[in-house]
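An overview of the molecular structure
Listed below, chain by chain, are the residues.
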Amino acid sequence: MDEIESGEDVVAAFRAARLAAEEHMIAMDDAGSTWHETTITGIVLQHAHPTVKFVDFSQRQEGTTGADWLWWWVDESGEAFGMLVQAKRLKVGSRWTIDFSYPDGTSAQRDKLFASARELGVPPVYGLYLGTQAYRAPVTCGRADHDDSDCLACRMATVSLLPAILATVGGGMNSDNDAIWAVEHAIPFETLVDPAEQPDCAYDRNLALVDGELRDLLLANQHGARHVAKALFERVSSVRAMQFSAASELMIEGDSEQLFDRYPSDRGHLGVAYFEHILRGLRTAAPAYVLDVLADQSVPPSVADLVEGVVVVQL
Ligand SMILES: [Zn+2]
């Protein structure tokens, strides 16, 4: 019961954050102006606080860091899930665009995001600011209970997440289809942390290769850090399930801090071994610097130099 209640606290905090983000977007749209990623990130963190704790390094780093925030979700069992989040906004017009950088060897921004995420042992994720329901009209959630005047599903999508490896596999290189595809595959923050929203990985292409706790993660209901990890994994798993390339039966090893020690090596057309790519962020315990953040202690330069700040959510 406590776990469900604490989950509801976190959902409420992200709801308050999303409402504040919508308010700012509406005000800027009404003024004929525009809204920006860094402002929305600040609003989200400010309004999710104090349920969400964060430390911002940008003051002392004098702009040497990127705009990437390292998020950790820590639950009552002590298990934790980390992800490196880079904010991107949706631009609508004659075509929809999100300024994703592409894996074509020319994108320093994408390379840095992926390299920093690997160094930190977490998956790279885009934080998508998709504007208000009116901003996205006439595109909607498409649900049977959608309401053109005020739809909760459409409004929740305003602040969403997308595993970064999915950003460029949808519509093809430099295509505006990528923006639409990203919107369709993004997970609202409020859904990510809602214990009532259980992702379904029963159709994973490599289910037959996994056993024990990893199989349990895919098939059984989850809460806490495992739930957040599974929600992101499900997005990737469902895309892999639609790709027809043959799966490999080889397994790869995780490191000792990860919750799982073996993963299927299958990549499909994703370019990475997707089990390890996402689930490397799932740990038996939070890294020491996460506990430093919770204790208001300073974070070591090995982390602080790589990111704009650290966010910790206790589930
Ligand atoms: Zn809707």
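For the structure given in this document, a descriptive report is provided here. All values derive from a computational prediction rather than experimental measurement.

About the criteria used
- Residue indices begin from 1 for each chain and proceed along its sequence in written order.
- At least 70 in pLDDT is required for a residue's local features to be given in this predicted model, at least 80 for side-chain atom pairs to be given and counted, and no such filter applies to totals for whole chains, interfaces and linings, which use all residues.
- Side-chain measures here rest on the full set of heavy atoms in the structure, leaving out hydrogens and waters.
- Any carboxyl oxygen of Asp or Glu that lies within 4 Å of a side-chain nitrogen of Lys or Arg is treated as forming a salt bridge with it.
- Every helix listed is a DSSP run of H or I at least four residues long, and every strand listed is a run of E at least two residues long, numbered separately from the N terminus.
- A helix is expected to span 1.5 Å multiplied by its residue count minus one.
- A simple rule labels every residue: compare its accessible area, found with a 1.4 Å probe on the protein chains alone, to the largest value its type can have, and call it buried under 20%, exposed over 50%, or partly exposed in between.
- Two strands are said to pair when DSSP picks up at least two bridges between them.
- Because water is not among the atoms used, a metal site may look incomplete, as its donors are only the N, O and S atoms within 2.8 Å, or 3.2 Å for Na, K and Ca.
- Labels for metal geometry use angle windows, namely 85 to 135 degrees for all angles of a four-donor tetrahedral site, and for square planar (four donors) or octahedral (six donors) sites opposite donors over 155 degrees apart plus all others within 65 to 115; sites meeting none of these are irregular.
- In what follows, a contact means two residues having at least one pair of non-hydrogen atoms within 4.5 Å.
- Each Phe, Tyr or Trp ring, with Trp reduced to its six-membered ring, pairs with another whose centre is within 6.5 Å; inter-plane angles below 30 degrees give stacked pairs, above 60 give edge-to-face pairs, and intermediate values give tilted ones.
- Remark: a charge is flagged as sitting over a ring if the NZ atom of Lys or the CZ atom of Arg is within 6 Å of the ring centre and within 35 degrees of the ring normal.
- Every axis in this analysis is a line fitted to C-alpha atoms, fitted for helices over the stretch in contact. Angles between the N-to-C directions lie between 0 and 180 degrees.
- Relative orientations are named as follows: roughly parallel for angles under 35 degrees, roughly antiparallel for angles over 145 degrees, roughly perpendicular for angles from 65 to 115 degrees, and oblique for any other angle.
- Under the scheme applied here, ten amino acids are nonpolar (Ala, Val, Leu, Ile, Met, Phe, Trp, Tyr, Cys and Pro), four are charged (Asp, Glu, Lys and Arg), and all others, including Gly, are polar.
- Buried Ala, Val, Leu, Ile, Met, Phe, Trp, Tyr and Cys residues that are joined via side-chain atoms within 4.5 Å together make up what is termed a nonpolar core.
- Nitrogen and oxygen atoms within 3.5 Å of one another constitute a polar contact, given that in protein one can donate a hydrogen and the other can accept it, and given that sequence-neighbouring residues count only through two side-chain atoms.

Digging into the pattern of salt bridges
Should their charged atoms come close, side chains of opposite charge can pair. A full pass over the atoms with the stated rule returns 15 salt bridges. The shortest N-O distance in the salt bridge between Asp296 and Lys53 comes to 3.1 Å. Pair noted here: Asp296 is in the loop between helix H12 (288-294) and helix H13 (301-304) and Lys53 is in strand E1 (residues 52-56), with a separation of 243 residues, a long-range link. Close ionic contact of Asp150 with Arg155 constitutes a salt bridge, the shortest N to O distance being 3.1 Å.

Structural notes on helix H2 (residues 37-48)
An ideal rise of 1.5 Å per residue puts 16 Å on 12 residues; H2 measures up with 16 Å between its terminal C-alpha atoms. Turning to H2, its buried residues are Ile40, Thr41, Ile43, Val44, Leu45 and Ala48.

Overview of the pairing of strand E5 (residues 124-129)
In terms of residue burial, E5 counts as a mostly covered element, since six of its six residues are buried. Bridge count between strand E3 (residues 80-91) and E5: six bridges; the pairing is parallel. Bridging from a neighbouring strand, Val85 pairs with Val125 of E5. As defined by bridge partners, E5 adjoins strand E6 (residues 159-163) across five bridges and the pair is classed as antiparallel. Looking across to E6, one finds that Tyr129 is bridged to Val159.

Topic: the coordination of the zinc ion
The coordination sphere of the zinc ion contains the protein donors Cys141 (SG), His146 (ND1), Cys151 (SG) and Cys154 (SG), at a distance range of 2.1 to 2.3 Å. Each of the four donor atoms around the zinc ion contributes to a set of angles spanning 101 to 114°, which defines the coordination as tetrahedral. In the primary sequence, the donor residues of the zinc ion line up as C-x4-H-x4-C-x2-C. Cys154 shares its class with Cys151; the two are buried.

Structural notes on the environment of Leu152
Residue position: Leu152 is located in helix H6 (residues 152-156). Residue class for Leu152 comes out partly exposed when judged on its relative accessible area of 47%. Look past the residues within four positions of Leu152 in its chain and what remains in contact with it is Arg15 and Arg18.

Topic: the packing of aromatic side chains
A full pass over the atoms with the stated rule returns 12 aromatic pairs. A ring pair is formed by Tyr274 and Phe275, whose centres lie 5.0 Å apart and whose planes are at 45°; its orientation type is tilted. Of the two residues, Tyr274 and Phe275, both sit in the buried class. Each residue in the set Phe14, Trp71, Trp73 and Phe189 is aromatic and connected to the rest through ring pairs, giving one cluster. Over the aromatic face of Trp35 sits the side chain of Arg89, whose NZ or CZ is 3.9 Å from the ring centroid. Geometry around Phe114 places Arg110 over its ring, the cationic atom sitting 4.0 Å from the centre.

Things to note about the packing of helix H9 (residues 212-219) against helix H10 (residues 224-241)
Two elements in contact, H9 and H10, have axes whose closest approach is 10 Å; the angle formed by their N-to-C orientations is 70°. As summarised for this structure, H9 and H10 are arranged roughly perpendicular, according to the angle between their axes. The residues of H10 that touch H9, namely those facing Glu213, Leu217, Leu218 and Leu219, are Arg226, Lys230 and Phe233. Classifying every residue of the contact of H9 with H10 gives four nonpolar, no polar and three charged.

Here's the deal with the nonpolar core
Residues Leu70, Trp71, Trp73, Phe81 and Leu279 are the most contacted members of the largest nonpolar core, which totals 94 residues. Per element, the largest residue contribution to this core is eight residues, and it comes from H10. With residues up to four places along the chain from it excluded, the contact list for Leu70 reads Met83, Leu84, Leu120, Val122, Tyr289, Val303, Val307, Gly309, Val310 and Val311.

A short note on the environment of Ser149
For Ser149, the location among the structural elements is in the loop between helix H5 (133-136) and H6. Measuring from C-alpha to C-alpha, the distance between Ser149 and Ala134 comes to 8.6 Å, with 15 residues separating the pair along the chain. Here the side chain of Ser149 touches Asp147 through a polar contact of 2.8 Å, side chain to side chain.

As for the side chain of Asn206
As for its placement among the helices and strands, Asn206 is situated in the loop between helix H8 (189-192) and H9. Here Asp266 takes part through its side chain, which lies 2.9 Å from a polar atom of the side chain of Asn206. A distance of 2.8 Å separates a polar atom in the side chain of Asn206 from a polar atom in the side chain of Tyr274. Discounting chain neighbours no more than four positions away, the residues touching Asn206 are Ala247, Ser248, Pro264, Asp266, Tyr274 and Phe275.

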